Amino acid sequence: MSHFEFEYPYAFALLLLIICIYKCPAALKKIIFPHIDLFSLKIGWFNRDRLLYSLIFALMVSALASPITYDSKSSHQRKGRDLVFALDASGSMGESGFDKEDNSQNKFDVLKSIISKFVKERYDDNVGVTVFGSYAFSSVPLTYDMNAITYLIGFLDVGIAGENTAIGEGIANATRILKMGEAKEKVIILVTDGYHNSGSISPKDALSLAVKEGIKIYTIGIGKKGQFDEALLQLIAKESNAKMFSASDSASLQDVYNEIDQLEPSQIRSQNYLNKHVLFIYPLLLASLLMLTMVLRRRAR
């Protein structure tokens, strides 16, 4: 559903000048409306030319107020959070068989598919993505553009950040992204299928940095029991006042994201519009056509 509004509604205060067309002294009229001589000098509130001149002026003020339409999924008071996915893209994420219905897909492909579906339904969140392997990097900065997120996630692949598993680097990089956000509630969703074995920062040190920023870290271990560091993921989630999940296949991973989807939102203010369409050209064109019509009529008299 689309909404309609004026970006600069205070411009309508100029409509008070229309009174001057009827009541102001001639000398003042020539200053405010220099081309008033194009119209009939007959007096009276219901004079056709003066009414048309008032309409033209009202249309020009409407154009100045900048009418727009925008998608209803965007508003000035958005409820949601700053949320960053920290995704393990190490070599072990290339293991196939995680999806029982499609053995050709590896863990990382299934993860990308579920995340893409998840973000498309999170209209109120400000989402970013960091990827870690032997090191970590920011794949998507915080944004409301869910289509852009799903598009960029499609370019990620196993090994894009190296073959090892730097969980600490993943948390630290996600924390740096969240520092740029303004939401009251900040969340990291950390997904891994292994043990920390790389990077220049330990998971515990990275966790301390995140906790100082008030960031919750929901951890998800994927794969069979023993394939990922469950104790570490439990610690990270507990210390950040969040929760740890495990998923042995694609169906259980989807269940995890369904549960995370129920997180309590916090308010976040946005001055942006989604699918914004500027409409000022229409009243401006109509005013111009009416003005041209009246000028031509005046010359024909």
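In this text, all values refer to a predicted model and were calculated from it rather than measured experimentally.

Student: How would you summarise the sheet that holds strand β6 (residues 136–143) if you had to cite specific residues and measurements?
Tutor: Strand pairing in a sheet relies on backbone hydrogen bonds. The paired strands run either parallel or antiparallel. The mixed open sheet is built from six strands, whose spatial order is β6-β5-β4-β7-β8-β9. The open sheet has two edge strands with one neighbour each: β6 and β9 (244–247). Ignoring strand direction, the axes of neighbouring strands in this sheet form an average angle of 15°. Bridging between strand β4 (residues 82–88) and strand β7 (residues 186–192) involves six bridges; their strand directions are parallel. Opposite L87, over in β7, you have V191 as the bridge partner. Against the sheet, helix α4 (residues 107–120) engages β4, β5 (126–132), β7 and β8 (215–222), with an angle of about 170° to β4. Each of β4, β5, β6, β7 and β8 touches helix α6 (residues 167–179); the most contacted strand, β7, lies at about 155° to it.

Student: Lay out the pattern of salt bridges with the relevant residues and their values.
Tutor: Tallied over the full model, the rule gives six salt bridges. Put simply, K107 and E95 hold a salt bridge, and the shortest N to O gap is 3.2 Å. Of this pair, K107 sits in helix α4 while E95 is found in the loop between β4 and α4, placing the two residues twelve residues apart along the sequence. Owing to a relative accessible area of 3%, K107 belongs among the buried residues under this scheme. Across the pair D249 and K100 runs a salt bridge whose closest N-O atoms are separated by 3.4 Å.

Student: Summarise the environment of G94; cite the residues concerned and give the values.
Tutor: Structurally, the position occupied by G94 is in the loop between β4 and α4. Discounting residues that sit within four places of it in the chain, G94 has contacts with N106 and V158.

Student: Report on the pairing of β4, specifying residues and quantitative values.
Tutor: Extensive coverage of β4 is indicated by the burial of seven of its seven residues. With burial as the criterion, each face of β4 is covered, one bearing D82, V84, A86 and D88 and the other bearing L83, F85 and L87. By the bridge criterion, seven bridges tie β4 to β5 in an arrangement that is parallel. What sits directly across from D82, in β5, is N126.

Student: Explain helix α8 (residues 230–239) residue by residue, including any values.
Tutor: Among the residues of α8, L232, L233, I236 and A237 are the ones counted as buried. Taken around the axis of α8, the buried residues stretch over an arc of 130°, which confines them to a single face. Residues A231 and K238 are exposed on α8 and point more than 90 degrees away from its buried face.

Student: For a nonpolar patch on the surface, give the residues involved together with the corresponding values.
Tutor: Residues M60, V278, F280, I281, Y282, L284 and L285 make up a contiguous nonpolar surface patch of roughly 620 Å² in combined accessible area. With four residues, helix α10 (residues 281–300) is the single largest residue contributor to the nonpolar patch. With respect to the secondary-structure elements, I281 resides in helix α10.

Student: Provide a residue-level description of the nonpolar core, including the pertinent values.
Tutor: For soluble globular proteins, nonpolar side chains are generally found buried alongside one another. Residues F85, L111, V129, I189, I220, L253 and Y257 are the most contacted members of the largest nonpolar core, which totals 34 residues. Counting residues per element, the ones that place at least two in this core are β4, α4, β5, α5 (146–153), β7, β8, β9 and α9 (250–260). Ranked by the residues each element gives to this core, the list is headed by α4, at seven residues. Counting 25 residues, the second-largest nonpolar core is a separate cluster that includes I171, A172, F228 and L233.

Student: Tell me about the pairing of β5, and name the residues and values.
Tutor: For β5, the tally of buried residues reaches seven of seven residues, placing the bulk of the element in the interior. Where β5 lies against β6, five bridges are found, and the strand directions are antiparallel. Residue V129 lies in a different strand from β6, and its bridge partner there is V140. A loop of three residues connects β5 with β6, the two strands running antiparallel in sequence.

Student: Describe the packing of α4 against α9, listing the residues and the values that go with them.
Tutor: Where α4 meets α9, the axes come as close as 10 Å, and the angle between the chain directions of the two elements is 30°. Regarding the angle of α4 to α9, the classification is roughly parallel. Of the two possible hands of crossing, α4 and α9 adopt the one that is right-handed. When α4 is examined against α9, the residues V110, L111, I114, I115, K117 and F118 are found in contact with a partner set consisting of S250, L253, Q254, Y257 and I260. Tallied by class, the residues present in the contact of α4 with α9 amount to eight nonpolar, two polar and one charged.

Thresholds applied
- Residues numbered from 1 in each chain as written.
- Predicted model: local features only at pLDDT ≥ 70, side-chain atom pairs only at ≥ 80, totals over all residues.
- Heavy atoms only, no water.
- Pairing = 2+ DSSP bridges.
- Helix = DSSP H or I, 4+ residues; strand = E, 2+ residues; numbered from the N terminus.
- Axes fitted to C-alpha atoms, helices over the stretch in contact; angles between N-to-C directions.
- Contact = heavy atoms within 4.5 Å.
- Salt bridge = Lys/Arg side-chain N within 4 Å of Asp/Glu carboxyl O.
- Buried < 20%, exposed > 50% of the residue type's maximum accessible area, 1.4 Å probe, protein only.
- Arc of directions from axis to C-beta.
- Patch = residues over 30% accessible without salt bridge, like charges linked within 9 Å, V, L, I, M, F, W, Y side chains within 5 Å.
- Areas by Shrake-Rupley, 256 points an atom, 1.4 Å probe, with all protein chains shown as cover.
- Core = buried A, V, L, I, M, F, W, Y, C linked by side-chain atoms within 4.5 Å.
- Parallel < 35°, antiparallel > 145°, perpendicular 65-115°, else oblique.
- Left-handed = near helix turned anticlockwise from the far one by under 90°.
- Nonpolar A, V, L, I, M, F, W, Y, C, P; charged D, E, K, R; others polar.

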